[in-house]
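# Descriptive structure summary
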Number of protein chains: 2
Amino acid sequence: MKLRKITKRKGSEKRRYDDSCGTAHALELIGDRWALLVMRELMLGPRRFSQLRADLPGISANVLAQRLGDLERTGLLERLKLPPPASMQVYGLTRWGYEAEPITQALGRWAARSPHHDPSLRISGVSLLLSFRTLLDRERAKGLDAVVGFRFGEDVYRGHLTERGIEIAREDPGDADVVFAGSVASLGAAVHGGVPLAALVREGRLAVEGDRKLAERFTRLFPLPEKISDRQRARAEVR
Amino acid sequence: MKLRKITKRKGSEKRRYDDSCGTAHALELIGDRWALLVMRELMLGPRRFSQLRADLPGISANVLAQRLGDLERTGLLERLKLPPPASMQVYGLTRWGYEAEPITQALGRWAARSPHHDPSLRISGVSLLLSFRTLLDRERAKGLDAVVGFRFGEDVYRGHLTERGIEIAREDPGDADVVFAGSVASLGAAVHGGVPLAALVREGRLAVEGDRKLAERFTRLFPLPEKISDRQRARAEVR
DNA sequence: CGGCATCCGGGAAGATACTG
DNA sequence: CAGTATCTTCCCGGATGCCG
């Protein structure tokens with residue numbers, strides 16, 4: 001007697017919060033599992049289906065396809081067809097989609113203080129580069145104006161760094177003052193893990209082309225926020 | 001015959017993203033359905049179980065209980081016992097929990113521009129008051145320094161409004177310059193819905209005690225951001 | 001092979017009933 | 001009032017298969 005309903009899939013009536021609050025509406029738009037991480041991976045430019053799967057190990061193909069469909073339907077993302085001869089299909093954020101970056105930043109900044117955070121897990125190239133945008137210490141970047149390149153396998157990025165921020169795009173860093181080449185994990189170790197750049201270079205895990213002094217300085221520009229102490233986890237004062 | 005208890009608590013392995021990115025970790029902490037809305041309702045001070053159920057129509061008792069348990073376990077929330085004679089149990093955020101407010105703000109600000117947003121749905125008192133913190137137009141609040149009170153049934157709030165922001169707590173507004181009393185929906189209509197305050201007062205939906213001129217000005221201090229236009233939903237420029 | 005559609009098992013969310 | 005127990009529904013994740 002397993003006469004399962006013929007999967008009504010009718011109006012694709014998703015679960016709603018029925019709450020006029022903006023936060024609730026946002027969660028209806030991007031609160032599904034993986035949705036915001038898919039958007040994060042598109043924050044530095046369009047990606048293909050298979051690239052997204054590689055960026056997000058753990059997401060299954062059908063969930064990714066469904067998220068891409070949902071996000072496209074709500075206007076946060078769109079399918080693009082690159083011009084021939086490469087004529088492949090990619091997924092890119094719309095302008096509105098890009099405007100969600102403050103959300104990922106707020107989440108990241110907050111969670112970076114979590115005592116449960118495990119920094120040993122893998123990190124995607126986009127995540128690491130976005131963390132630079134989030135964590136740049138303007139004080140330490142005083143007076144800087146440099147072009148920095150990154151090569152993670154096939155993916156190349158170009159960043160323009162000043163004391164006002166760092167703009168990063170997926171394009172060739174031909175004019176870079178310094179270029180980091182190697183694995184994402186290695187650059188992450190240098191910048192967030194406190195591993196000396198010289199050691200990574202010596203072990204061949206990371207290559208630095210160009211201004212070595214600038215590279216050293218670069219690794220110290222993005223300090224992680226302090227962890228939450230037990231005291232701060234205890235009762236909050238009456239406000 | 002009910003021998004199905006076997007599964008119990010095996011790994012208690014929640015689904016993980018296995019991603020070192022802060023955004024992903026944040027989603028593991030507060031990405032479950034309803035979790036962030038529960039926290040939002042606690043942002044202005046502790047609440048009881050039944051109050052939360054009333055604030056969040058649609059959440060079921062078991063999901064609320066589970067979220068409260070999860071959030072307590074991760075250190076975002078704690079059970080408090082009010083002193084006798086009222087000795088009842090309430091749930092309050094820890095200091096770290098309060099620090100999630102920028103997240104709800106970023107989400108709210110972003111989603112307020114959504115073309116799919118339905119402002120006719122109900123809104124909780126806390127949501128409305130938090131929207132004031134998020135949306136205050138400092139320019140229009142120039143020179144202000146006022147105490148504003150709110151009475152929504154049993155819940156009373158006191159806000160201190162200056163051009164630098166508005167601080168709100170759940171306490172008696174004895175010294176308020178002006179007090180709004182009535183339904184949350186009515187105050188929302190006045191502030192975000194463009195309904196003239198005078199009309200609401202005339203119809204008895206909202207009472208204003210104290211400085212009426214200040215009340216009028218208050219309703220115009222929190223403009224909603226512009227909606228996304230079709231143009232902005234279209235392809236983003238190459239960045 | 002990239003980009004899905006489909007089927008299935010497990011588990012989370014939702015609704016309701018029940019208990020101290 | 002503050003939850004727990006139980007049942008149903010539906011989403012997530014994995015596997016497989018189709019189709020250009």
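Residues numbered from 1 in each chain as written. Chains lettered and ligands numbered in written order. Predicted model: local features only at pLDDT ≥ 70, side-chain atom pairs only at ≥ 80, totals over all residues. Heavy atoms only, no water.

### Things to note about the relation of the copies chain B and chain A
Note on the copies: chain B fits chain A at an RMSD of 0.0 Å, the axial shift is 0.0 Å, and the rotation between them is 180°. When the rotation and shift are considered jointly, the pair of chain copies conforms to a two-fold rotation axis. Taking the C-alpha atom as reference, chain B places Ile103(B) closest to the rotation axis, 3.2 Å from it. (Least-squares fit on C-alpha atoms with pLDDT ≥ 70 in both.)

### Here we look at the protein's contact with DNA strand D
The environment of DNA strand D is made up of 21 residues, and the closest members are Arg33(A), Asn62(A), Arg48(B), Ser50(B) and Tyr91(B). Each atom of DNA strand D within 4 Å of the protein was assigned to sugar, phosphate or base; sugar and phosphate come to 67%. Contact distances for DNA strand D include 2.8 Å between a phosphate oxygen and a side-chain N or O atom of Trp34(A). In this structure, Arg67(A) approaches DNA strand D through a side-chain N or O atom, which is 2.7 Å from a phosphate oxygen. (Near = heavy atom within 4 Å. Polar contact = N/O pair within 3.5 Å; in protein donor to acceptor, adjacent residues only side chain to side chain.)

### Overview of the pattern of salt bridges
For the structure shown, the criterion picks out 28 salt bridges over all chains. The partner of Arg73(B) in a salt bridge is Asp70(B), with the nearest N and O atoms 3.1 Å apart. Of the two residues, Arg73(B) and Asp70(B) are both situated in helix H4 (residues 61–74); the distance of 3 residues between them amounts to about one turn of the helix. Of the charged contacts, one joins Asp175(B) and Arg158(B) as a salt bridge, the two residues approaching to 3.0 Å between their closest N and O atoms. You can see Asp175(B) sitting in the loop between strand S5 (165–169) and strand S6 (178–182) and its partner Arg158(B) sitting in strand S4 (residues 155–162), a full 17 residues away along the chain. Three or more residues are tied together by salt bridges with common partners; here these are Asp19(A), Arg40(B) and Glu41(B). (Salt bridge = Lys/Arg side-chain N within 4 Å of Asp/Glu carboxyl O. Helix = DSSP H or I, 4+ residues; strand = E, 2+ residues; numbered from the N terminus.)

### Some points on the nonpolar core
By size, the foremost hydrophobic cluster in this structure holds 134 residues, and its most contacted members are Phe180(A) and Phe218(A). Those residues in contact with Phe218(A) that lie beyond four places of it in its chain are Phe132(A), Val148(A), Phe150(A), Leu161(A), Ile166(A), Phe180(A) and Val191(A). (Core = buried A, V, L, I, M, F, W, Y, C linked by side-chain atoms within 4.5 Å. Buried < 20%, exposed > 50% of the residue type's maximum accessible area, 1.4 Å probe, protein only. Contact = heavy atoms within 4.5 Å.)

### Some details on the pairing of strand S3 (residues 145–152) of chain B
Residue and element names in this part refer to chain B. The buried count for S3 comes to 6 of 8 residues, which makes it a mostly enclosed element. Direction of pairing for S3 relative to S4: antiparallel, over a ladder of 8 bridges. Residue pairing in the sheet places Asp-145 in a bridge with Thr-162 of S4. Taken together, S3 and the strand that follows it, S4, pair antiparallel across an intervening segment of 2 residues, in which Gly-153 is found at a positive phi of about 60°. Pairing of S3 with S6 involves 4 bridges; the strand directions are parallel. Looking at the pairing, Phe-150 lines up with Phe-180 of S6. (Pairing = 2+ DSSP bridges.)

### As for the sheet that holds S5(B)
Residues and elements named next belong to chain B. In space, the 5 strands of this open sheet follow the order S5-S4-S3-S6-S7, with mixed pairing throughout. What marks the edges here is a single partner per strand, and that holds for S5 and strand S7 (206–210). Looking at each pair of strands side by side, their axes are set apart by 20° on average, direction ignored. (Axes fitted to C-alpha atoms, helices over the stretch in contact; angles between N-to-C directions.)

### Looking at the domain arrangement of chain A
Residues and elements named next belong to chain A. For chain A, the assigned domains read domain 1 (16–99) and domain 2 (120–218). Distance between the C-alpha centres of domain 1 and domain 2: 26 Å. Contacts between the two partners involve 11 residues from domain 1 and, on the opposite side, 11 residues from domain 2. Surface buried jointly by domain 1 and domain 2 totals about 860 Å² across both partners, of which 51% is contributed by carbon and sulfur atoms. By the criterion of area lost to domain 2, the three top residues of domain 1 are Arg-40, Leu-44 and Arg-47, representing 65% of everything that side buries. Linking domain 1 with domain 2 are 1 salt bridge, by the criterion used here. With a shortest N-O distance of 3.1 Å, Asp-155 and Arg-47 are connected by a salt bridge. One can count 6 residue pairs in polar contact (both at pLDDT 80 or more) joining domain 1 with domain 2. Those elements that place two or more of their residues in the side of domain 1 that touches domain 2 are helix H2 (35–42) and helix H3 (49–55). (Domains from an automatic or database assignment. Buried area = accessible area lost by both parts, 1.4 Å probe.)

### Quick look at the sheet that holds strand S5 (residues 165–169) of chain A
Residues and elements named next belong to chain A. In space, the 5 strands of this open sheet follow the order S5-S4-S3-S6-S7, with mixed pairing throughout. Each edge of the open sheet is held by one strand with a lone partner, namely S5 and strand S7 (206–210). Strand-to-strand, the axes of this sheet are offset by a mean angle of 20°, without reference to chain direction. Bridge analysis of strand S4 (residues 155–162) against S5 gives 5 bridges, and the strand direction is antiparallel. Bridged to Thr-162 within S5 is Gly-165. Along the sheet, helix H8 (residues 184–191) contacts strand S3 (145–152), strand S6 (178–182) and S7; its crossing angle with S3, the most-contacted strand, is approximately 140°.

### Notes on the packing of helix H6 (residues 101–111) of chain B against helix H7 (residues 125–135) of chain B
Residue and element names in this part refer to chain B. Between H6 and H7, the shortest axis-to-axis distance is 10 Å and the interhelical angle comes to 85°. Judged on the interaxial angle alone, H7 and H6 are roughly perpendicular. Of the residues in H7, those in contact with Glu-101, Gln-105 and Arg-109 of H6 are Leu-130, Arg-133 and Thr-134. Class assignment for the residues of the contact of H6 with H7 results in 1 nonpolar, 2 polar and 3 charged. (Parallel < 35°, antiparallel > 145°, perpendicular 65-115°, else oblique. Nonpolar A, V, L, I, M, F, W, Y, C, P; charged D, E, K, R; others polar.)

### Concerning the interface of chain B and chain A
Between chain B and chain A, the residue contacts involve 67 residues of the former and 68 residues of the latter. Regarding the contact of chain B and chain A, the summed buried area is about 6,000 Å², with carbon and sulfur atoms giving 59% of it. For the pair chain B and chain A, the number of links is 4 salt bridges. Note that Arg113(A) and Glu99(B) form a salt bridge whose closest N and O atoms lie 2.7 Å from each other. On the surface where chain B and chain A come into contact, there are 18 residue pairs in polar contact (both at pLDDT 80 or more). Contributing elements (two or more residues each) for the side of chain B that touches chain A: helix H1 (22–30), helix H2 (35–42), H4, strand S1 (77–81), helix H5 (95–98), H6, H7 and helix H11 (230–233) of chain B.

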